[in-house]
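# Structure assessment
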Amino acid sequence: MTKQILKQILSDCCNEVVFSYRGKSAGITSRVNDFIPTFQAWYGSETKEYKDIETVMTDSFFHGKSLEELIGEVDFEIL
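The structure contained in this document is the topic of the report that follows. Just so we're clear, the structure is a prediction, and the values are computed from it rather than from any experiment. (Residues numbered from 1 in each chain as written. Predicted model: local features only at pLDDT ≥ 70, side-chain atom pairs only at ≥ 80, totals over all residues. Heavy atoms only, no water.)

### Side note on the nonpolar core
Here is a general trend for soluble globular proteins: nonpolar side chains tend to be buried in one another's company. In this structure, Leu10, Phe19, Phe62 and Leu67 are the most contacted members of the largest nonpolar core, which totals 22 residues. Of all the elements in the fold, those that place two or more residues in this core are helix H1 (3–11), strand E1 (16–21), strand E2 (24–33), strand E3 (36–43), helix H2 (53–58) and helix H3 (67–70). Other than its neighbours up to four places away in sequence, leucine 10 contacts Val17, Ile28, Ser30, Phe39, Ile53, Val56, Met57 and Leu67. (Core = buried A, V, L, I, M, F, W, Y, C linked by side-chain atoms within 4.5 Å. Buried < 20%, exposed > 50% of the residue type's maximum accessible area, 1.4 Å probe, protein only. Helix = DSSP H or I, 4+ residues; strand = E, 2+ residues; numbered from the N terminus. Contact = heavy atoms within 4.5 Å.)

### Some points on the pattern of salt bridges
Within this structure, the stated rule accounts for five salt bridges. Close ionic contact of arginine 31 with glutamate 49 constitutes a salt bridge, the shortest N to O distance being 3.3 Å. Taken together, the residues span a long stretch of sequence, with arginine 31 in strand E2 and glutamate 49 in strand E4 (residues 46–50) at a distance of 18 residues. Since its relative accessible area comes to 46%, glutamate 49 is described here as partly exposed. In this structure, lysine 48 and aspartate 59 form a salt bridge, with 2.8 Å as the shortest nitrogen-oxygen distance. Placement of the pair is lysine 48 in strand E4 and aspartate 59 in the loop between H2 and H3, with a sequence separation of 11 residues. Relative accessible area serves as the criterion here: at 19%, aspartate 59 is assigned to the buried category. (Salt bridge = Lys/Arg side-chain N within 4 Å of Asp/Glu carboxyl O.)

### Things to note about the environment of cysteine 13
Within the secondary structure, cysteine 13 sits in the loop between H1 and E1. Judged by its relative accessible area of 17%, cysteine 13 falls in the buried class. Sequence spacing of cysteine 13 and phenylalanine 39 is 26 residues, and the spatial spacing of their C-alpha atoms is 8.5 Å. Residues in contact with cysteine 13, not counting those within four places in the same chain, are Ser30, Val32, Pro37 and Phe39.

### Considering the packing of aromatic side chains
Centre-to-centre distance and the angle between the planes together describe a pair of aromatic rings. In this structure the tally under the stated criterion is five aromatic pairs. Ring geometry for phenylalanine 19 versus phenylalanine 62: centroids 5.2 Å apart, planes at 65°, classification edge-to-face. Of the two residues, phenylalanine 19 sits in strand E1 while phenylalanine 62 sits in the loop between H2 and H3, which places them 43 residues apart along the sequence. The burial state of phenylalanine 19 is the same as that of phenylalanine 62; both residues are buried. Plain terms: the ring middles of phenylalanine 19 and phenylalanine 76 are 5.1 Å apart, the flat faces sit at 70° to each other, and that makes the pair edge-to-face. With phenylalanine 19 in strand E1 and phenylalanine 76 in the loop between H3 and strand E5 (77–78), this pair connects stretches of sequence that are 57 residues apart. Owing to a relative accessible area of 14%, phenylalanine 76 belongs among the buried residues under this scheme. Here the aromatic cluster, defined as three or more aromatic residues joined through ring pairs, consists of Phe19, Tyr21, Tyr43, Phe61, Phe62 and Phe76. (Phe/Tyr/Trp six-rings, centres within 6.5 Å; stacked < 30°, edge-to-face > 60°.)

If you want it as structure tokens, here you go:
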């Protein structure tokens, strides 16, 4: 999966992306409230909210790595 494809999947706001990294379950869920998309990431028991897709892609939330850095390293599952 490429960065652009993952970004588009999340931006569509109708998919959940899940994966495992360093033995922990992880993923991103997108939601729309009053036509405004928001994103929630989880890694193990930690969660974090985001207001834009760029921050979701570049934040080093997953054990010090961002989603962009994990592309090619983990297998993303689209639900």
